[in-house]
Amino acid sequence: MSDVAHLEALIDRIYEAGLVPSLWPALLGELGAAVGGDGGFLFGVRDGYVCAVNSVEYDQIMPIFLQEGWSERDPLLPRAIALNRAGFVTDYDLLTEEEIATNDVYCNFYRKHGIGYRAGTLIPMPSGDSIALVLPRHQDHGPVPQQVVQLLDGLRPHLARASLAANRLGFERARAQVDALQALGLPAAVLRGGGRLLAANGLFDGLIPALFQDRAARVTVTDLAADALLAEALDTLPLPGSRTVKSMPVAATAAYVPMVLHVIPVRRSARDIFTQATALLVVTPVDRAAVPTAKVLQGLFDLTPAEARVARGIGQAETIDALADATGVNRETVRSQLKAVLSKTGLSRQQELVSLLAGKAVPGS
């Protein structure tokens, strides 16, 4: 295949990846090979690197880069943002030779993993974030030559258009998710980095501004206790090992019935680097006409079966002694189960649980 035909085929694959996100890792490998490099990275950028897609060559080192602090100390990203060049840049556009030779990230991370030099570019997204495309070369191959930069600059408009297409498709997928939940009668929204609103269905929109407020930093809840729990849940989303779903109660008011908010993390292949969606926020109204069954309570708050029975009993105004007698366990076991229920529901007092399930305003809210 001639060089021209090979370049045209590469451009075709760029646009194909814009429509099929799973093709980006293979494309990054092709781009890296085309410029004499070793694969590549695609980062979501918002106040630093926040997520990434990489070619298979870097499957082992990407988690190390993002999770062990190297990404936060990488000097190239802030320099590239400050330079604001609509094209590819290399190490020497951003750092002096002395800085490259002595920088901690270069010496103790990049060189350790065979990454000597890089070429990269920033592509702004309509959301206000950016995509950073980085193509590394092994140190034995020397700095990225200018003719390679020129080749990459010729590809950059295609990469930008493909990225924008991927961003739009990601938004449409997010919209489809929340619309599907609307069909089930559930208000829902897709949140992006930090809890900012990406897409919401009509039922969720109907709760703005009475229950939710779409602020610049993140979606907030007018119920202050629920909002504090939401902020905590969003803060722990990036942490490995955090609970799969965070659930929190919202007390009833004259305007709406009691509700439970569920923060569902967007993980692994479901996470879209182009939209940077991080969570699905689903709202479950609690029927004020009846105390939810134990099974419903178990699903709402991720309770164990025993905890769900205690929660339902408390909601029906049963005493701890009565619950202990009915279940054949001692009072301290029931107290321990109740304590776990309060912890998982984000409440602090037994009466708050009774009020929530009875559809009344939580005292002090």
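Before going into details, it helps to say that this report is about the structure given with it. (Residues numbered from 1 in each chain as written. Predicted model: local features only at pLDDT ≥ 70, side-chain atom pairs only at ≥ 80, totals over all residues. Heavy atoms only, no water.)

**Thoughts on the nonpolar core**
Of all hydrophobic cores here, the largest spans 25 residues; its most connected members are Leu31, Leu133 and Leu159. At the level of elements, α1 (3-19), α2 (24-34), β4 (117-124), β5 (130-137) and α9 (146-183) are the ones that each hand at least two residues to this core. With 7 residues, the single largest contributor to this core is α9. Not counting residues within four places of it along the chain, the set of residues in contact with Leu159 comprises Ile14, Trp24, Leu31, Phe88, Ile123 and Leu133. (Core = buried A, V, L, I, M, F, W, Y, C linked by side-chain atoms within 4.5 Å. Buried < 20%, exposed > 50% of the residue type's maximum accessible area, 1.4 Å probe, protein only. Helix = DSSP H or I, 4+ residues; strand = E, 2+ residues; numbered from the N terminus. Contact = heavy atoms within 4.5 Å.)

**Description of the sheet that holds strand β12 (residues 277-285)**
Pairing is antiparallel in the open sheet, where 5 strands are placed in the order β7-β6-β12-β11-β10. Each having just a single partner strand, β7 (196-200) and β10 (246-250) make up the two edges of the open sheet. Adjacent strand axes in the sheet meet at a mean angle of 25 degrees when their direction is disregarded. In the packing of helix α11 (residues 224-236) onto the sheet, the strands contacted are β6 (188-192), β10, β11 (259-265) and β12, and the crossing angle to β10 comes to about 170 degrees. (Pairing = 2+ DSSP bridges. Axes fitted to C-alpha atoms, helices over the stretch in contact; angles between N-to-C directions.)

**Digging into the pattern of salt bridges**
All chains considered together, the criterion is met by 8 salt bridges. Salt-bridge contacts for Asp74 lead to Arg118; the nearest nitrogen and oxygen are separated by 3.2 Å. Residue Asp74 is found in the loop between α4 (70-73) and α5 (76-83), and its partner Arg118 is found in strand β4; the two are separated by 44 residues along the sequence. One exposure class covers both Asp74 and Arg118, and it is buried. Two residues, Glu332 and Arg335, come together in a salt bridge whose shortest N-O distance is 3.9 Å. Taken together, the residues span about one helical turn, with Glu332 and Arg335 both in helix α15 (residues 331-345) at a distance of 3 residues. By relative accessible area, Glu332 is classed as exposed at 52%. (Salt bridge = Lys/Arg side-chain N within 4 Å of Asp/Glu carboxyl O.)

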